[in-house]
Structures are given as structure tokens and as C-alpha cells.
Amino acid sequence: MNNPAVLIVMGSDSDLPTMEEAAKVLDEFGVPYEMRISSAHRSPKRTAQLAHEAAGRGVQLVIAAAGMAAHLAGVVAAETTLPVIGVPMGGGALSGIDALYATVQMPGGIPVATMAVGKAGAKNAGIFAVQILSLRDPELTKKLIAYREQMAAEVERKDNELQKSRS
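An unreviewed UniProt entry annotates the chain as N5-carboxyaminoimidazole ribonucleotide mutase of Geomesophilobacter sediminis. For the record of the chain, the UniProt heading Function (unreviewed entry) holds the text "Catalyzes the conversion of N5-carboxyaminoimidazole ribonucleotide (N5-CAIR) to 4-carboxy-5-aminoimidazole ribonucleotide (CAIR)." Recorded in UniProt for the chain, the comment headed Sequence similarities (unreviewed entry) runs: "Belongs to the AIR carboxylase family. Class I subfamily."

And the structure:
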């Protein structure tokens, strides 16, 4: 995609169904993004290059997703000064807990904002990316406010339906 504001990078194509949740959010808010596959372990030079060149291509932040050892977000953060949002993938022998620990336990000086494991984390990464971008874009701020109002209205609607079904 031309002029992506967000780079979504994942360690494997098996992460794509989960990371589509972040993409859906960015699409909903009209935020341009690029999705790439690159592994911290299997393609470290490619990963370093993607991270190192991102800012020069206009990328404003990176969402990085990986499972198991989950070093992708940390490797990306080490190669760029852009904000990095990590999404630990579920699965593996430890059901994503290993990925969560690997993503959240960054050494001082190389931060990674870490979301929940799996699809909820991917969705929240998309929303958090929009929140960061909205600091410089009043239109995105308006969209975020409308998004939150829509969520609240949906909860109220569902409660009304529950109350009607129980009377």
C-alpha cells in the first residue's frame, strides 16, 4: 500500500487470521496500513531492514505479532524509534503465555506496548494505533469518540433486549 501509516508485521502466515482483526479496525477508521510477514528468527536481516526503513517510508507506528518465543516486536523495537505495539499469538505448548511473556518482558530502554494474546489483542492493537495517530489527526479523534458511543449504544440495546425477553 502506498504511504502506510501503520506497518503490521507478523512472524508467520498462520498469524494472519488473528491479525486481520487489527486490519479490520484500521480499515474501519480509514487508516492506511501495510501487512508483511517476517520472522525475528527465520529472517532476521529482512526483519531488521523492514523495521529500520519503516519511518523513512512514512510509517508512524508498527504492530508486530508473533507466537512462542515472540521476539518479533522486540527486534522491531530495537531497529526503529517508532512506537511498537506487540500482539502475542496464542497456541503452542503454553497457549500463548510464552508469547505474552516474551513480548511484555522488554529490557529498559526498548519499550513495546503489549496487548492481550490473540484476536482481542489484535483488535486492541488496531484501536491503540488509531488512538496514537489521533493525537495529530482531529478527524480520527472524532471517529474514536463515535466508535465508543456506538459501543455504549450497543450494550444498552442488548440490555433492553434482555429486559424485554425476561418480562
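### Structural notes on the UniProt feature "binding site: substrate" (unreviewed entry) in the chain
The UniProt record annotates "binding site: substrate" (unreviewed entry) at S12, D15 and R42. For the largest pocket, the lining residues drawn from the annotated set are S12, D15 and R42. Considering the arrangement of structural elements, one finds D15 in the loop between β1 (6-10) and α1 (16-29). The class for D15 is buried, based on a relative accessible area of 7%. If sequence neighbours within four positions are ignored, D15 has contacts with M10, A65, A66 and M89. Looking at the secondary structure, you find R42 in the loop between β2 (33-37) and α2 (44-54). The contacts of R42, once residues within four sequence positions are left out, are G11 and S12. Separated by 2.9 Å, the side chain of R42 and the backbone oxygen of G11 make a polar contact.

What counts and what doesn't
What you see as residue numbers is a count from 1 along each chain, following the sequence as written. The predicted nature of this model means local features are confined to residues of pLDDT at least 70 and side-chain atom pairs, given and counted, to a pLDDT of 80 or more, with totals for whole chains, interfaces and linings taken over all residues. No hydrogens and no water enter the side-chain calculation; it runs on all heavy atoms of the structure. UniProt positions are given in the numbering used here, feature names are shortened, and annotations may be inferred rather than shown by experiment. With a 1 Å grid laid over protein atoms only, a set of points is called a cavity when a 1.4 Å probe fits there but cannot get out and a pocket when it is open yet has protein on both sides within 12 Å along at least five of seven lines; lining residues have an atom within 4 Å of a point. In this text, helices come from DSSP runs of H or I with a minimum length of four residues, and strands from runs of E with a minimum of two, each type numbered from the N-terminal end. In this scheme, a residue with accessible area under 20% of its type's maximum is buried, one over 50% is exposed, and one in between is partly exposed, where area comes from a 1.4 Å probe on protein chains only. Any two residues whose heavy atoms approach within 4.5 Å are treated as being in contact. N or O atoms within 3.5 Å of each other form a polar contact, as long as, within protein, one can give a hydrogen and the other can take it, and as long as residues adjacent in sequence are counted only when both atoms are side-chain atoms.

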